[in-house]
Amino acid sequence: MNAPATTIQERYAGAVMNTFGPPALALVRGAGAHVWDADGREYVDLLGGIAVNSLGHAHPALVEAVTTQLSTLGHVSNFFATEPQVALAEQLLGLLGWSDGRVFLSNSGAEANEAALKLTRRTGRTRLVAAEGSFHGRTMGALALTSKAAYREPFVPLPGEVTFVPYDDVAALEAAVDDTVAAVVLEPVQGEAGVVVPSPDYLAAAQRIARGSGALLWLDEVQTGIGRTGAWFAHHHLEGVEPDVVTLAKGLGGGMPVGATVARGPAGALLQPGNHGTTFGGNPVAAAAALAVLRTIEADDLLGAAVARGEQLAAVLRGQVGVVEVTGAGLMRGAELDGPYAAEVVAAGRSAGFILNATGPSRLRFVPPLVISAADLDALDAALPAILDAARAAVAHTNPETTR
Ligand SMILES: *Cc1c(COP(=O)(O)O)cnc(C)c1O
């Protein structure tokens, strides 16, 4: 076969806005927890499209659902109702156990959070309390709730009145929340921060504090939701935690863009006709994809798989020289390294046939498809010592002064 005159990556640089930096690979195909690049090289995917490909790549149930729906009714606008849209809303409420809930469907995590943010404005209060280390998305409203200075600062002024408190600090929440606060917004486990798990009583305390001031508790489960941590929702691991608002996206569509804002009781009635909208949100193809994801998680016990494979992954990581801490639950795991060589681990992993991810200089994140096999994790176990060695050698090479 002749090599193409120009690679996909070279064309990317000439045509796509440079918001992500140069892509590490051009991928052409996927199956299960494996992907293939433009040169035909195979990789085990430990990133899953950033916690999105819950059923892996090209799952037959997802392909079938999308194909059938698209050839039946693909899009009609929100002037009309469709069965998949209504069924998805009903099923999300069923999984949450919220008989008095309501759902707004959209196309991404940021959009799910924008809808929730607008909903909180309808309480008559405008202040919001969010956490340091949080990530809620890149649109202006979602960004206003995201703490990272590098993401925020180029875009100030952002929609205002957000107070950031240290994550997992009950006293700081207590001090920040009063009866001017519309909502307390938290990730049950902070994903982009590197899988940071709060103490087991933190969310219950946040709920008590929010309720005490008449504020809503809004949990951003965009990354943690839909089976990722081994339960349908991460807050289901915690006795007595019942948020007022939950936002979802990532794994919900299994790769099709689907976001959902779910609110219960009075919070579900805050947005009224004319208050919010979307052209694509809830479109039948996306809804059919999400329904196939929910059905397959149930039928194939992927919650059980997330627990079992998650334990295996955690054991693999704990067994590595250079890994000093392993965090998370189910198939959402963080690994802290004994030095700032996470980027080199990702590069060395790629050379060895593994898609890895770094969330910080010394932090790795693992959010593979829920269908990943024990054999794939065994392969990771076998390969990681050499990957970590190669990464340390690469750091020492570029940075001979570094000692650790
Ligand atoms: C990824 C993420 C978002 C943003 O989702 P997009 O689909 O990228 O807009 C919001 N909140 C959390 C917790 C996320 O992990």
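Located above this text is the structure these notes cover.
In this report, the structure presented in the accompanying data block is examined.

Rules behind the numbers
Residues numbered from 1 in each chain as written. Predicted model: local features only at pLDDT ≥ 70, side-chain atom pairs only at ≥ 80, totals over all residues. Heavy atoms only, no water. Helix = DSSP H or I, 4+ residues; strand = E, 2+ residues; numbered from the N terminus. Expected span 1.5 Å × (residues − 1). Buried < 20%, exposed > 50% of the residue type's maximum accessible area, 1.4 Å probe, protein only. Polar contact = N/O pair within 3.5 Å; in protein donor to acceptor, adjacent residues only side chain to side chain. Axes fitted to C-alpha atoms, helices over the stretch in contact; angles between N-to-C directions. Parallel < 35°, antiparallel > 145°, perpendicular 65-115°, else oblique. Left-handed = near helix turned anticlockwise from the far one by under 90°. Contact = heavy atoms within 4.5 Å. Nonpolar A, V, L, I, M, F, W, Y, C, P; charged D, E, K, R; others polar. Core = buried A, V, L, I, M, F, W, Y, C linked by side-chain atoms within 4.5 Å. Domains from an automatic or database assignment.

### Considering helix H5 (residues 109–121)
Piece 1. Helix length check: H5, at 13 residues, gives a terminal C-alpha distance of 19 Å against a target of 18 Å (1.5 Å per residue), a fit within 8%.
Piece 2. Within H5, ten of the 13 residues are buried, leaving the element largely enclosed by the surrounding structure.
Piece 3. Its side-chain oxygen 3.1 Å from the backbone nitrogen of Glu111, Ser108 forms the N-cap of H5.

### Side note on the packing of helix H3 (residues 60–70) against helix H10 (residues 284–299)
Piece 1. As a packed pair, H3 and H10 sit with axes 8 Å apart at the nearest point and diverge in direction by 150 degrees. Put simply, H3 runs roughly antiparallel to H10. Once H3 is placed against H10, the crossing between them reads as right-handed. Residues Ala61, Leu62, Ala65, Val66, Gln69 and Leu70 of H3 touch H10, and the partners they reach there are Pro284, Val285, Ala288, Ala289, Ala292, Val293, Arg295 and Thr296.
Piece 2. Each residue belonging to the contact of H3 with H10 can be placed in one class, and the counts come to eleven nonpolar, two polar and one charged.

### A short note on the nonpolar core
Piece 1. Ranked by internal contacts, the top residues of the largest apolar core, which has 65 residues, are Leu88, Ile226, Leu252 and Leu380.
Piece 2. By residue number, the principal contributor to this core is H10, which donates ten residues.
Piece 3. Counting residues domain by domain, this core receives three or more from each of domain 1 (5–59 + 301–403) and domain 2 (73–299).
Piece 4. Ignoring any residue separated from it by four or fewer positions in sequence, one finds Leu380 in contact with Leu46, Leu313, Val316, Phe354, Leu356 and Phe366.
Piece 5. Grouped together as the second largest cluster of nonpolar side chains are 20 residues, Val129, Leu203, Ala215 and Leu219 included.

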